[in-house]
Amino acid sequence: MTVRFPENFLWGAATAAYQIEGAVREDGRGESIWDRFAHTPGKTYQGQTGDVACDHYHRWEEDVALMRELGLRGYRFSIAWPRIFPEGAGKPNPKGVDFYRRLVEALRGAGITPVATLYHWDLPQALQDRGGWPNRETAYRFAEYARYLFETLGDAIPLWITLNEPWCAAFYGHLTGEHAPGIRDWRAALAAAHHLLLGHGLAVRAFREVGVRAQIGITLLCTHFAPATDAPEDRAADMRYDGFVNRWFLDPVFLGTYPADMVRLYGDLLPPDLIQPGDLEIIATPVDFLGVNYYYRSRVAHDEGAGPLRARVVPPTGPVTDMGWEIYPQGLEVLLCRLHQTYGNIPIYITESGMAARDEVGPDGQVHDQERIDYLRAHFRAAHRAMAAGVDLRGYFVWTLMDNFEWAYGYSKRFGLVYVDYDTQRRIPKDSAWWLREVIRTGEMG
Ligand code: IFM
């Protein structure tokens, strides 16, 4: 059955600064926690770093031309805080701002809507040295950085996103330690999560105060959880995991409260002075839209020995991507409908969705990634069903424009619509990129 998307649906692709830009020591950029982390032995696959990545900092014109050729209507990128404030605060670096100004102008000239994320995990190392996100002060530095960008680039960018996946920044960064800054401590992780949210709320307030003629939202990792079995203890474990990943961020932003069941569960891990009077009002400052990053389903089982959550994710039963993530498109539909029912009729963009595959350049010089086409088609259909059920979905950004630095996995995972040959930096659009171009051009999909 052919499905049709609205004329003004914002189809695009997404990237993040540290994953594509390279040029980490150029034009006054300061060190970020990811520079420090990736250069620490044992932290990333084969010690790989974002030093060069896709060399986008030098090739951005070619990349914008490519996006235009692929018919993208929107491009979601992130701004590297240490390019703007090399020391995290203080004197801004004009060369950093100029880079993004040129990029935004070129995108607009190519008819592509720029969508900017202010924080996609590259905290200036100077702020980490003062305690990083577990330190409340970082939220205020973030709001200052955000305000400066609103004042300089505000109206040129129609859609602003404060944070990308604060769950990952807080818990991969401060609980499991698999991401920068590599800390392993529940209290630090929960403090980081709260201060990320506080920084988000302060930034939204700054946006309104500056009077930017644009919209602002937040991007959250939204996972579809399901109990591993029908047993009551697995169902309860599923609820806890959902509280841990989804509700801990959605509830404060949209309801102005932390979920009571999780507050009880965390108990002493939340020190009494962490959530200060007035914080939740700031965090719940109304946003214009929600950005949803959806990748997979996770099935959850009760596990008494699994820390405060007493729950663990069990191995998937269905087909998986090269990340081992279960391919479960119907989860996107369920999730979107649930967001709509629980949090109201908020406009939503899918700000990331996509898959890693073992892509290779074939003898014909092309990359035939049929499995990615199948993945995208199934997820677009799920999104379309949610729209038919009343969800105000405004756009869909595929993760990611081109293969890039997949954090701790280095360059070993390829998520791109465009293949990158890292030796030559040659870009080769995969079959999925040409397929997506047709979907965008026709507005429909069979
Ligand atoms: O590459 C990441 C991205 O930076 C954030 N969301 C998930 C993607 C795939 O892991």
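Below you will find a few notes about this structure. Within each chain, residues carry numbers counting from 1 in the order of the written sequence. Per-residue local features are limited, in this predicted model, to residues with pLDDT of at least 70; the limit for side-chain atom pairs, both in listing and counting, is 80 or more; totals at the level of whole chains, interfaces and linings are taken over all residues. For the side-chain quantities, the full set of heavy atoms in the structure was used; hydrogens and water were omitted.

Next up on the list: the overall build of the chain. Under the scheme used here, helices are H or I runs from DSSP no shorter than 4 residues and strands are E runs no shorter than 2 residues, and both carry numbers assigned from the N terminus. Looking only at helices and strands, the chain has 15 helices and 15 strands in total. Along the three orthogonal principal directions, the C-alpha set of the chain runs to about 60 × 55 × 45 Å. The contact criterion used throughout is that any non-hydrogen atoms of two residues lie within 4.5 Å. Counted over contacts in the chain with a minimum sequence separation of 6, partners at least 24 positions apart contribute 76%. Carbon and sulfur atoms make up 50% of the accessible area of the chain, which totals about 16,400 Å². Method for areas: the Shrake-Rupley scheme with a 1.4 Å probe, in which residue coverage is limited to the protein chains shown.

The next subject is the sheet that holds strand β10 (residues 311–314). The strands making up a sheet associate through backbone hydrogen bonding, with each pair oriented either parallel or antiparallel. Two strands qualify as a pair provided that DSSP identifies no fewer than 2 bridges between them. Here we have 3 strands laid out as an open sheet, ordered β7-β9-β10, and mixed in their pairing. Only two strands of the sheet have a single neighbouring strand rather than two, namely β7 (224–227) and β10. Direction aside, neighbouring strands of the sheet carry axes that sit 40 degrees apart on average. Where β7 meets strand β9 (residues 297–302), 4 bridges bridge the pair, whose relative direction is parallel. Across the sheet, P227 pairs through a bridge with V300, a residue of β9. Fitted lines through C-alpha atoms give the axes, limited to the stretch in contact for helices. The angle between two N-to-C directions lies from 0 to 180 degrees.

This paragraph deals with the layout of surface pockets. Lining residues are defined by having an atom within 4 Å of a point belonging to a cavity or pocket. Those points lie on a 1 Å grid over the protein atoms alone, cavities being sets where a 1.4 Å probe fits but cannot get out and pockets being open sets with protein on both sides within 12 Å along at least five of seven lines. Grid points are joined across faces, edges and corners, and a volume is the space filled by probe spheres set on the points. Size it by volume and the largest pocket reaches roughly 850 Å³. Lining of the largest pocket is provided by 43 residues; of these, W167, Y172, L221, Y296 and W325 occupy positions nearest its centre. Of all the secondary-structure elements, those providing two or more residues to the lining of the largest pocket are α8 (166–174), α10 (232–255), β9 and β10. Gly is placed with the polar residues, together with every amino acid not listed as nonpolar (Ala, Val, Leu, Ile, Met, Phe, Trp, Tyr, Cys and Pro) or charged (Asp, Glu, Lys and Arg). A breakdown of the residues in the lining of the largest pocket according to their chemical character gives 28 nonpolar, 8 polar and 7 charged.

Around the ligand, the neighbouring residues are Q19, H120, W121, N164, E165, Y295, W325, E352, W399, E406, W407 and F415. Distance and chemistry together define a polar contact, namely a pair of N or O atoms within 3.5 Å, with one atom able to donate a hydrogen and the other to accept it when in protein, and with adjacent residues in sequence counting only for side-chain atoms on both sides. A distance of 2.7 Å separates an oxygen atom of the ligand from a polar atom in the side chain of Q19. E352 places a side-chain nitrogen or oxygen 2.5 Å from a nitrogen atom of the ligand. Contact with the protein chains covers 95% of the free accessible surface of the ligand, which is 280 Å². Definition of nearness: a residue and a molecule or strand are near each other if at least one heavy atom of the residue lies within 4 Å of the molecule or strand.

For the structure shown, the criterion picks out 2 cavities of 30 Å³ or more. If you add up the space inside the largest cavity, you get close to 60 Å³. Taken together, I33, W34, Y119, W121, W133, C168, A169, H174, H179, A180 and P181 make up the full set of residues lining the largest cavity. Contributing elements (two or more residues each) for the lining of the largest cavity: α2 (33–38) and α8. Top element by residues in the lining of the largest cavity is α8. It accounts for 3 residues. Residue composition of the lining of the largest cavity, by class: 9 nonpolar, 2 polar and no charged. Taken as a whole, the second largest cavity encloses approximately 40 Å³ of empty space. What lines the second largest cavity is simply T15, A16, A17, I20, E21, H56, Y75, F77, S78, F99, Y100 and L103. Mapped onto the lining of the second largest cavity, the elements with two or more residues apiece are α1 (17–20), β3 (74–78) and α5 (94–109). Residues of the lining of the second largest cavity, tallied by class, amount to 8 nonpolar, 3 polar and 1 charged.

Stacked, tilted and edge-to-face are the three classes assigned to paired rings of Phe, Tyr and Trp, where Trp is represented by its six-membered ring and a pair needs centres within 6.5 Å; plane angles under 30 degrees give stacked, over 60 edge-to-face, the rest tilted. Tallied over the entire structure, the rule returns 50 aromatic pairs. Taking the centre distance of 4.7 Å and the plane angle of 0 degrees together, the rings of W81 and Y145 count as stacked. Pair noted here: W81 is in helix α4 (residues 81–84) and Y145 is in helix α7 (residues 137–153), with a separation of 64 residues, a long-range link. For the residue pair W81 and Y145, the accessibility class agrees, reading buried in each case. The rings of W167, F171, Y172, W186, F225, Y241, F244, W248, Y258 and Y266 are connected pair by pair, giving a single aromatic cluster. Think of it as a cone above the ring: NZ of Lys or CZ of Arg counts as a charge over the ring if it is within 6 Å of the ring centre and within 35 degrees of the ring normal. Stacked on the ring of Y328, the Lys or Arg R297 has its end atom at 4.0 Å from the ring centre. Here the term buried applies to any residue with accessible area under 20% of the maximum for its type, exposed to any over 50%, and partly exposed to those in between, with areas from a 1.4 Å probe on protein chains only.

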